[in-house]
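Examining the three-dimensional arrangement
Residue-level listing of the chains:
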Amino acid sequence: MDKHGVDKCVIANINGVFYKNTQPANEELFRAIKPYRHRFIPFAVINPTYADWEHDLDVCRGGLEMSGVRLYPQYHDYEVTHPACIELVNAAREYKMAVAFSLRLVDGRQRSWLDVDRQLSLDDIASVVDKAPQARFIVLHALIGREKPATVTTLERADLVFDTIYGSGCGVAGPVAYDLAAAIRKYGKNRFAFGTAAPFRDYVSPFLRIEVMKEADDDTKRLIWAGNAQRILGIGRQGLAEALVETRDGGHGDNRSPEG
């Protein structure tokens, strides 16, 4: 993080994907980042079909000081429109916590036969937005450009950001990439937040994808680096000033923080 000028980042415990009861994963994360709490914005992994998730969410927001929730319906085996899922999303809204969905965790073209082959789509996210329109959403591993027109309309009115993990700044689009400039024209520059998927992907190429995007002016890049994340995470103006630092490599002159 220091090497790349990232002052704060959103973090969750991947172990929660594989635990039937996800709360131990959240407790593990709390202990692991405690010495560095000023650098991390922790998200809880919650399974809404597991008994007493309401208590877990309450503990994560209060005692564990989590800022958001990550949901993995593919791995915990429920539909995004399951009543318990919608109830959890609305409960997170009451706690002023953002809700993050990962459309996928691994590339299905080279996954292990032991891994799940189910992926979410933006159409799935739109179905959640329809049932919980006041919540704040983060779409991780987003792939943009294949959604239905009705989905675009729904997502446009949502309080939502997409990450840039698969965003291409040079117009390339494919199975694991979308044209970031075209996506910004479709949804607006306030809808994209910088992401890396670290430590599972390299830390450098996500920066390059933003830097090479000629269509993005300095204001758009500042929003992608930090401003849009600040808004969706509910970090105030003072918090943003504390979170942002000048990049230390001297070559960009922009601010980068936080990332997911």
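Everything below is about the structure shown above.
Worth saying up front: this structure is predicted, and the values here are computed from it rather than measured.

On to the overall build of the protein, then. Along its length, the protein carries ten helices and nine strands. The C-alpha radius of gyration of the protein comes to 17 Å, within 12% of the 18 Å expected for a compact globule of 260 residues. Expressed along its principal axes, the backbone C-alpha trace of the protein runs to roughly 50 × 45 × 35 Å. By residue count, 52% of the 260 residues in the protein fall in the buried class.

Another point: empty space enclosed by the protein. Left-over empty space is what a probe sized like a water molecule reveals as it rolls over the atoms. Evaluation of the coordinates by the stated rule reveals two cavities of 30 Å³ or more. Along the walls of the second largest cavity sit Gln 74, Tyr 75, Arg 104, Leu 105, Val 106, Asp 107, Gly 108, Arg 111, Val 116, Asp 117, Arg 118 and Gln 119, which together make up its complete lining. The residue makeup of the lining of the second largest cavity, split by class, is four nonpolar, three polar and five charged.

Moving on: the sheet that holds strand β4 (residues 98-102). Read from one edge to the other, the open sheet built from seven strands follows the order β1-β2-β3-β4-β5-β6-β9, with strand pairing classed as parallel. Bordering the open sheet on either side are β1 (9-11) and β9 (192-193), each of which pairs with just one other strand. Pairing geometry for strand β6 (residues 159-163) and β9, over two bridges, is parallel. Paired with Phe 162 across the strands is Phe 192, a residue of β9.

To continue, consider unusual backbone geometry. Cis peptide bonds are those with omega within 30 degrees of zero, and the linkage from Ala 198 to Pro 199 qualifies with 10°. Relative to the assigned elements, Pro 199 resides in the loop between β9 and α8 (205-211). Unlike most non-glycine residues, Glu 65 shows phi in positive territory, near 55°. Tracing the sequence through the fold places Glu 65 in the loop between α2 (53-61) and β3 (68-71). Judged by relative accessible area, Glu 65 falls into the partly exposed class, the value being 43%.

Turning next to helix α5 (residues 122-131). Among the residues making up α5, those that are buried are Leu 122, Ile 125, Ala 126, Val 128 and Val 129. Down the axis of α5, the smallest arc covering the buried residues is 160°, so these residues share one side. In this structure, the buried residues of α5 make contact with α4 (83-94), β4, β5 (136-140), α6 (149-156) and β6.

This paragraph deals with the pattern of salt bridges. Throughout the structure, instances matching the rule amount to ten salt bridges. Residue Glu 65 is joined to Arg 37 by a salt bridge in which the shortest nitrogen-to-oxygen separation is 4.0 Å. Here Glu 65 is found in the loop between α2 and β3, whereas its partner Arg 37 is found in the loop between α1 (23-33) and β2 (40-45), with 28 residues between them in sequence. With a relative accessible area of 26%, Arg 37 lands in the partly exposed category. For Arg 118, the salt bridge identified is with Glu 79, shortest N-O distance 3.5 Å. Residue Arg 118 is located in the loop between β4 and α5, and its partner Glu 79 is located in the loop between α3 (73-76) and α4; the two are separated by 39 residues in the primary sequence. The network of salt bridges with shared partners includes Asp 2, Asp 7 and Arg 39.

Before going further, it helps to spend a moment on the environment of Val 80. For Val 80, the position within the fold is in the loop between α3 and α4. Sequence separation between Val 80 and Ser 127 is 47 residues, and the spatial gap between their C-alpha atoms is 7.7 Å. When near neighbours in sequence (up to four residues on either side) are disregarded, Val 80 contacts Pro 73, Cys 85, Ile 86, Phe 101, Arg 118, Leu 120, Asp 124, Ser 127 and Val 128.

A regular strand carries its side chains on alternate faces of the sheet. Burial of the side chains of β3 extends over both faces: Gly 68 and Arg 70 are buried on one face and Val 69 and Leu 71 on the other. Bridge analysis of β2 against β3 gives three bridges, and the strand direction is parallel. Note that in β3 the partner of Val 45 across the bridge is Arg 70. Once the chain exits β2 it traverses α2 before rejoining the sheet at β3, and the crossover so formed is right-handed. Pairing of β3 with β4, which is carried by four bridges, proceeds in the parallel orientation. Bridged to Arg 70 within β4 is Ala 100.

With that settled, the discussion passes to the layout of surface pockets. Computed from the structure, the largest pocket encloses a volume of approximately 780 Å³. For the largest pocket, the lining is made up of 35 residues, of which Ile 14, Ala 197, Ala 198, Pro 199 and Phe 200 are closest to its centre. Considering every element that reaches the lining of the largest pocket, the biggest residue donor is β1, with three residues. Along the lines of polarity and charge, the residues of the lining of the largest pocket split into 21 nonpolar, six polar and eight charged.

Parameters and conventions
Residues numbered from 1 in each chain as written. Predicted model: local features only at pLDDT ≥ 70, side-chain atom pairs only at ≥ 80, totals over all residues. Heavy atoms only, no water. Helix = DSSP H or I, 4+ residues; strand = E, 2+ residues; numbered from the N terminus. Rg over C-alpha atoms; globule rule 2.2 N^0.38 Å. Buried < 20%, exposed > 50% of the residue type's maximum accessible area, 1.4 Å probe, protein only. 1 Å grid on protein atoms, 1.4 Å probe; cavity = no way out; pocket = protein on both sides within 12 Å on 5 of 7 lines; lining within 4 Å. Points joined across faces, edges and corners; volume = space filled by probe spheres on them. Nonpolar A, V, L, I, M, F, W, Y, C, P; charged D, E, K, R; others polar. Pairing = 2+ DSSP bridges. Arc of directions from axis to C-beta. Contact = heavy atoms within 4.5 Å. Salt bridge = Lys/Arg side-chain N within 4 Å of Asp/Glu carboxyl O. Right-handed = clockwise from strand over helix to strand, strands pointing away.

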